[in-house]
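Per-entry structural report
Residues per chain are reported as follows:
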There are 2 protein chains.
Amino acid sequence: MNEPTRRARSGERREQILEVALRLFGERGAGNVTTRQIALAVGISQPSLYAHFASADAIAEELCVRAFDALHARFAAKLIDVDDPWQRIDILGRSYIEFGLEHPDMYRIAFMPTRETAPPPDVTFDLATCDPGMAAGLHAFAALRDPVVRICGRDDAAIGVISQAIWALVHGLTALLISKPYFPWAERETLIEAVLAMARAYLADQRVTD
Amino acid sequence: MNEPTRRARSGERREQILEVALRLFGERGAGNVTTRQIALAVGISQPSLYAHFASADAIAEELCVRAFDALHARFAAKLIDVDDPWQRIDILGRSYIEFGLEHPDMYRIAFMPTRETAPPPDVTFDLATCDPGMAAGLHAFAALRDPVVRICGRDDAAIGVISQAIWALVHGLTALLISKPYFPWAERETLIEAVLAMARAYLADQRVTD
DNA sequence: GATGATAGCCTATCGCTGATAGGTCATTAG
DNA sequence: CTAATGACCTATCAGCGATAGGCTATCATC
């Protein structure tokens, strides 16, 4: 054990690679990090990365999955003992936006991919086999469904449309703030409040009145 | 003039490159087109492209600027002899979303860039010197400002927030439909209507009542 | 302890990318 | 006719993700 960075155990090395990659992503942006840079920072050769990950994208993908697990946990933590559906939607929206701004690289990978994610594998849509970004989206989405049902009733088609429209709204602000950081935006908190107010206004119109 | 693809005039060649690039972008997606593919399709060598464009990105950027000029023209054409501000916002939003769906590659380049666009050149923001995507955004944005003022009054700060929130909304739907085409979306027209209804609901709440 | 299998790591290399250097030659102005 | 311009070429570069194949530390087994 004279050289600390050699002959690490597989699991440890894998974890080490992920840590280094996450740090480099944060420093330079995910798109500006190469496999050689990661390998150099870890202290191994570039091809050695492929003993632990199938491809360069697989590293980013794993970090992405972990980040979205954190988002899921944040949802659960903040929603506990909050019953009011209006408040729940507020919390979901705000948590989602804040998460995207805190982890812009992960958000990019999941929801702002450069290429189209995948060809249609089959007609039906399967949560288990789709890409991680899609899965993350469906999860965030599922959390939205419940309070929307409580406010707007149980018409399945309508619930889908309303949920998707709200998702589009919060995604839109998140994505624009990430990709256009130097645009002369209004104050951030005010913008978030405006977006949440927009969701509420829409939901109030769609509310079941019977 | 025995060989039609040799010794073309500079302006014609430049135009020819743009045409070919646009076609290839449409066929394979902007991210999957290389300079060698463009040069091959044009009938010249790959380095010859650099006699007409400073970089590969410059080709995409020029196409992008042209596409957004088209969007601007579409706005103007559809808004002519429509006075009602509610209707104008409806038209703006719908045109914007449809434009993004018709030109997904151009929309990506302008509003969903892989990297951050530019470091802050100076504190003040200048429309003329910013990147084309930014300029396009500000143009779309400016068109929104007028009807928002007519509905919500002239409080400058509030107008900015409201306009930006509406931009986020329509961008969100456009971006998600582009980047997640295989997501089990509701019917597209219904979604667009929902998003426009959301904007209206919000504007109604923000309307000046005095 | 010696032996063989496993697996972590290496060097060398591939094909591809965007971009540059420098020479060739058709066109055109004087 | 000559000289300058500039559109075009081949050759080449550095960097990218990924693969092939050899070396060797570790560990279960005899």
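Numbering of residues begins from 1 in every chain and follows the order in which that chain's sequence is written. Chains carry letters and ligands carry numbers; both start at the beginning, A for chains and 1 for ligands, and go up in the order they are written. Given that this is a predicted model, residues contribute local features only at a pLDDT of at least 70 and side-chain atom pairs are listed and counted only at 80 or more, while totals for whole chains, interfaces and linings are drawn from all residues. Calculation of side-chain values draws on the structure's entire complement of heavy atoms; hydrogens and water are dropped beforehand.

1. Examining the overall build of chain A
- Helices and strands together make up the secondary structure of chain A, namely eight helices and zero strands.
- Each helix and strand of chain A, placed in order from N terminus to C terminus, yields the pattern α-α-α-α-α-α-α-α.
- Scored against the burial criterion, the 210 residues of chain A give a buried share of 49%.
- When checking whether two residues touch, look at their non-hydrogen atoms; a contact exists if any pair is within 4.5 Å. For chain A, contacts bridging at least 24 residues in sequence account for 63% of all contacts bridging at least 6. Secondary structure elements follow DSSP: runs of H or I no shorter than four residues count as helices, runs of E no shorter than two count as strands, and numbering proceeds from the N terminus. Buried, partly exposed and exposed residues are distinguished by accessible area as a fraction of the type maximum, computed with a 1.4 Å probe on protein chains only: under 20%, between the cut-offs, and over 50%, respectively.

2. Examining the packing of helix 4 (residues 85-102) of chain B against helix 7 (residues 156-179) of chain B
Residue and element names in this part refer to chain B.
- Two numbers describe how helix 4 lies on helix 7: the axes approach to 9 Å, and their chain directions differ by 25°. Taken together, the axis directions place helix 4 and helix 7 in an arrangement best described as roughly parallel. In the crossing of helix 4 with helix 7, the sense of the turn from one axis to the other is right-handed. Contact with helix 4, carried on its side by Gly93, Tyr96, Ile97, Gly100 and Leu101, involves Trp167, Val170, His171, Leu173, Thr174, Leu177 and Ile178 of helix 7 and no other residues of that element. Angles run from 0 to 180 degrees between N-to-C directions of axes, and those axes are lines fitted to C-alpha atoms, restricted for helices to the stretch in contact. If an angle is under 35 degrees, it is roughly parallel; if it is over 145, roughly antiparallel; if it lies from 65 to 115, roughly perpendicular; otherwise it is oblique. Crossing handedness is read from the near helix: turned anticlockwise from the far helix by less than a right angle, it gives a left-handed crossing, and turned clockwise, a right-handed one.

3. Some details on the protein's contact with DNA strand C
- Near DNA strand C lie 20 residues; those nearest to it are Arg13 and Ser45 of chain A together with Thr35, Tyr50 and Ala56 of chain B.
- Any N or O atom pair separated by 3.5 Å or less is treated as a polar contact, with the protein-specific requirement of one donor-capable and one acceptor-capable atom, and with residues adjacent in sequence counted only for side-chain atom pairs. In the model, a phosphate oxygen of DNA strand C is placed 2.7 Å from a nitrogen or oxygen of the arginine 13 of chain A side chain.
- Separating a phosphate oxygen of DNA strand C from a side-chain N or O atom of histidine 52 of chain A is a distance of 3.0 Å.
- Going through the elements one at a time, helix 1 (10-28) of chain A together with helix 2 (35-42) of chain B are the ones with two or more residues in the surface near DNA strand C.
- In this classification, Asp, Glu, Lys and Arg are treated as charged, Ala, Val, Leu, Ile, Met, Phe, Trp, Tyr, Cys and Pro as nonpolar, and every other residue, Gly included, as polar. For the surface near DNA strand C, the per-class residue count stands at seven nonpolar, nine polar and four charged. Being near a molecule or strand, for a residue, means having at least one of its heavy atoms within 4 Å of it.

4. Overview of the side chain of aspartate 105 of chain B
Residues and elements named next belong to chain B.
- Within the secondary structure layout, aspartate 105 lies in helix 5 (residues 104-111).
- Here aspartate 105 is buried and forms no salt bridge, its nearest opposite-charge partner arginine 108 lying at an N-O distance of 5.3 Å.
- The residues contacting aspartate 105, other than those within four sequence positions of it, are Phe25, Gly26, Gly29 and Ala30. Charged-residue counts in this description rest on Lys and Arg as positive and Asp and Glu as negative, His and the chain ends being excluded. In the sections that follow, a salt bridge refers to a side-chain nitrogen of Lys or Arg positioned within 4 Å of a carboxyl oxygen of Asp or Glu.

5. Remarks on the packing of helix 4 of chain B against helix 8 (residues 188-206) of chain B
Residues and elements named next belong to chain B.
- Two numbers describe how helix 4 lies on helix 8: the axes approach to 10 Å, and their chain directions differ by 145°. Of the two possible hands of crossing, helix 4 and helix 8 adopt the one that is right-handed. The segment helix 4 lies against helix 8, with Trp86, Ile89, Asp90, Gly93, Arg94, Ile97 and Leu101 engaging Arg188, Glu189, Ile192, Glu193, Val195, Leu196, Arg200, Leu203 and Ala204.
- A breakdown of the residues in the contact of helix 4 with helix 8 according to their chemical character gives nine nonpolar, one polar and six charged.

6. Here we look at the packing of aromatic side chains
- Pairing of aromatic rings covers Phe, Tyr and the six-membered ring of Trp, with a centre-to-centre limit of 6.5 Å; geometry is then stacked below 30 degrees between planes, edge-to-face above 60, and tilted otherwise. This structure, assessed with the given rule, holds 22 aromatic pairs over all chains.
- Ring plane angle 50° and centroid distance 4.6 Å describe the contact between phenylalanine 183 of chain B and tryptophan 185 of chain B, whose orientation is recorded as tilted.
- An aromatic cluster is built from Phe68, Tyr96, Phe99, Tyr107, Phe111, Phe141 and Trp167 of chain A together with Phe183 and Trp185 of chain B, whose rings are joined through pairwise contacts.

7. Focus: the domain arrangement of chain A
Residue and element names in this part refer to chain A.
- The source of the domain bounds is an automatic or database domain assignment. Domains assigned within chain A are domain 1 (1-54) and domain 2 (62-206).
- If you look at the interface, domain 1 gives ten residues, while domain 2 gives six residues.
- Here domain 1 and domain 2 share an interface that buries about 610 Å² over both sides, 63% of which is from carbon and sulfur atoms.
- Our enumeration of links across domain 1 and domain 2 arrives at two salt bridges.
- Between glutamate 62 and arginine 14 there is a salt bridge whose closest N-O contact spans 2.4 Å.
- Counting across the domain 1 and domain 2 interface gives three residue pairs in polar contact (both at pLDDT 80 or more).
- Its residues placed into classes, the side of domain 1 that touches domain 2 shows six nonpolar, two polar and two charged. For any pair of parts, buried area is found by adding up, for both, the accessible area (1.4 Å probe) each one loses once the two are put together.

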